[in-house]
Amino acid sequence: YRPTLYDFIAHEALQFYTSGEQAAAKPQDAFELSADSPIFGSVQQFLAWNVGQATAEANSSTAVSPVIRAIRLYQDLLRFHQNDPAPRLAFADVDLERLTWGWNTAFGETKNERYKAALENFIRTYADFDISALAMERMARVLQQEGDLVAAHKVAERGAQVFPQSVGGKLCRNLLLELEAKAVQISTERVWNCFDRTGILRLSENAQGGGDRSNACPKITIRYRNVDQVYFRAIPYNWEVFLQKRHNRPENLSQQERSEVLATAFAHEWSEKLPPTSDYKEVTMPLAAPEQLKPGFYFIVASHDPSFGAQENQVSMAAVWVSDLSLVTRTRQGQIEGFVLD
């Protein structure tokens, strides 16, 4: 892809002119790259583009625009390799680079559609060479950004299969791992209090004389993807020990402290079936809290691995108090007052 000293020097210059730092120094009337311009056109259209010539004579700042200099360097490199013997891989590499840079730089509503169309044409043209897998990875990234994760997965899977040992194939494999990664995160209220007359947390029965209070009872909110079952443990813990560690939230625990919590005997264990996420997108849904936890301080732990292991697994924790007490506070006339309620 860099067969000559000229390629090396030209790409060093491109690295400068296409860097983000150049944006801060551009003048107010600097050249702006439009998505409707030939940046996403065929090679012939791009090479025929006399960029900036019309305004360069009237405006010296446009003539030295980093964007225009980058475009002209891409044009020079393409012309330099235009008559290379087949398969012209250095030519193909420059062409793919100018398309990717155009997507990162251009503005306009048609940018994604024109970029994807140009990539499709590139993939067809170089289907027999491993550089096509790199174009597939670029295509999959655009689809991922647009939220079409199923299509992104399909394109990345193709790139990983046809040229698995190429740079593009390995990048496609990385994207597949990213899309297929399993994830589980939970959150819940800090205090659970929905009790019956026995002092046991009840979610499914009416409180005496209070009517149906199920909507007021606690829920566990789970955010997940690529898993169809989640496993829970309610682990009682000494609140004073938790305070001595100078923590007030489980996410502040160190890895060793999290391991110590997981090694503690649990009071209750259960699991929930989850609707599958066939589109690779994260789903949020509420789950009922366990019903028979005695008052006290707990870590609620979630895992997509039933053994709650550390390898290829994500363990999420939430700290809760199970209590028949609630604290209501209000501020009035500069004073804080409150009620402790049973």
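All of these numbers come straight from a predicted model, not from anything done at the bench. (Residues numbered from 1 in each chain as written. Predicted model: local features only at pLDDT ≥ 70, side-chain atom pairs only at ≥ 80, totals over all residues. Heavy atoms only, no water.)

1. Brief notes about the sheet that holds strand β1 (residues 183-188)
Ordered in space as β1-β3-β6, the three strands form an open sheet in which the pairing is antiparallel. Of all strands in the sheet, those bounded by a partner on one side alone are β1 and β6 (283-288). Strand-to-strand, the axes of this sheet are offset by a mean angle of 25 degrees, without reference to chain direction. As paired elements, strand β3 (residues 219-225) and β6 share six bridges and run antiparallel to each other. (Pairing = 2+ DSSP bridges. Helix = DSSP H or I, 4+ residues; strand = E, 2+ residues; numbered from the N terminus. Axes fitted to C-alpha atoms, helices over the stretch in contact; angles between N-to-C directions.)

2. Brief notes about the packing of helix α6 (residues 89-105) against helix α8 (residues 131-146)
Between α6 and α8, whose axes approach to 10 Å, the crossing angle comes to 10 degrees. Judged by the angle between their axes, α6 and α8 are roughly parallel. Contacts between α6 and α8 involve Leu89, Ala92, Asp93, Leu96, Thr100 and Trp103 from the former and Ile131, Leu134, Ala135, Arg138, Val142 and Gln145 from the latter. Classifying every residue of the contact of α6 with α8 by side-chain character gives eight nonpolar, two polar and two charged. (Parallel < 35°, antiparallel > 145°, perpendicular 65-115°, else oblique. Contact = heavy atoms within 4.5 Å. Nonpolar A, V, L, I, M, F, W, Y, C, P; charged D, E, K, R; others polar.)

3. Thoughts on the sheet that holds strand β8 (residues 315-322)
The five strands lie next to each other as β2-β8-β7-β4-β5, forming an open sheet whose pairing is mixed. Every other strand in the sheet has two partners, leaving β2 (191-192) and β5 (268-273) as the edge strands with one partner each. Pairing analysis gives eight bridges linking strand β7 (residues 296-303) to β8, with the strands arranged antiparallel. Each bridged residue has a counterpart across the sheet, and for Phe297 the counterpart in β8 is Trp321. Most of the contacts of helix α12 (residues 255-263) go to β8, to which it runs at about 65 degrees, and overall it touches β4 (229-236), β7 and β8.

4. Overview of the environment of Ala133
Structurally, the position occupied by Ala133 is in helix α8. Between the C-alpha atom of Ala133 and that of Gln161, which follows or precedes it by 28 residues, the distance is 9.1 Å. The contacts of Ala133, once residues within four sequence positions are left out, are Gly159, Phe163, Ser166, Gly168, Gly169 and Cys172.

5. What to know about helix α7 (residues 111-125)
Look at α7: 21 Å from first C-alpha to last across 15 residues, which is about the 21 Å you get at 1.5 Å a residue. The set of residues buried in α7 consists of Lys111, Asn112, Tyr115, Lys116, Ala118, Leu119, Phe122 and Ile123. Projected onto a plane normal to the axis of α7, the buried residues spread over an arc of 165 degrees and lie on a single side. Residues of α7 that are exposed and point more than 90 degrees away from the buried face comprise Glu113 and Arg124. Looking at the buried side of α7, the elements it contacts are α6, α8 and α9 (149-162). (Expected span 1.5 Å × (residues − 1). Buried < 20%, exposed > 50% of the residue type's maximum accessible area, 1.4 Å probe, protein only. Arc of directions from axis to C-beta.)

6. Observations concerning the packing of aromatic side chains
In this structure the tally under the stated criterion is 16 aromatic pairs. Ring geometry for Phe297 and Trp321: centres 5.5 Å apart, planes at 50 degrees, overall tilted. A residue pair is termed long-range when its members are at least 10 positions apart, and Phe297 in strand β7 and Trp321 in strand β8 qualify at 24 residues. Judged by its relative accessible area of 32%, Trp321 is partly exposed. Grouped by ring-pair contacts, the aromatic residues Tyr237, Trp239, Phe242, Phe297, Phe299 and Trp321 constitute a single cluster. (Phe/Tyr/Trp six-rings, centres within 6.5 Å; stacked < 30°, edge-to-face > 60°.)

7. So, the pattern of salt bridges
A side chain of one charge can pair with a side chain of the opposite charge if their charged atoms are brought near each other. Using the criterion set out here, one finds 13 salt bridges in the structure. A salt bridge links Arg98 to Asp95; its shortest N-O distance comes to 2.7 Å. With Arg98 and Asp95 both in helix α6, this residue pair falls three residues apart, about one helical turn. By relative accessible area, Asp95 is classed as buried at 7%. The closest approach of N and O atoms between Glu337 and Arg330, which form a salt bridge, is 2.6 Å. Residue classification places Glu337 among the partly exposed positions, given a relative accessible area of 26%. Among the charged side chains, a salt-bridge network with shared partners connects Glu137, Arg138, Arg141 and Glu178. (Salt bridge = Lys/Arg side-chain N within 4 Å of Asp/Glu carboxyl O.)

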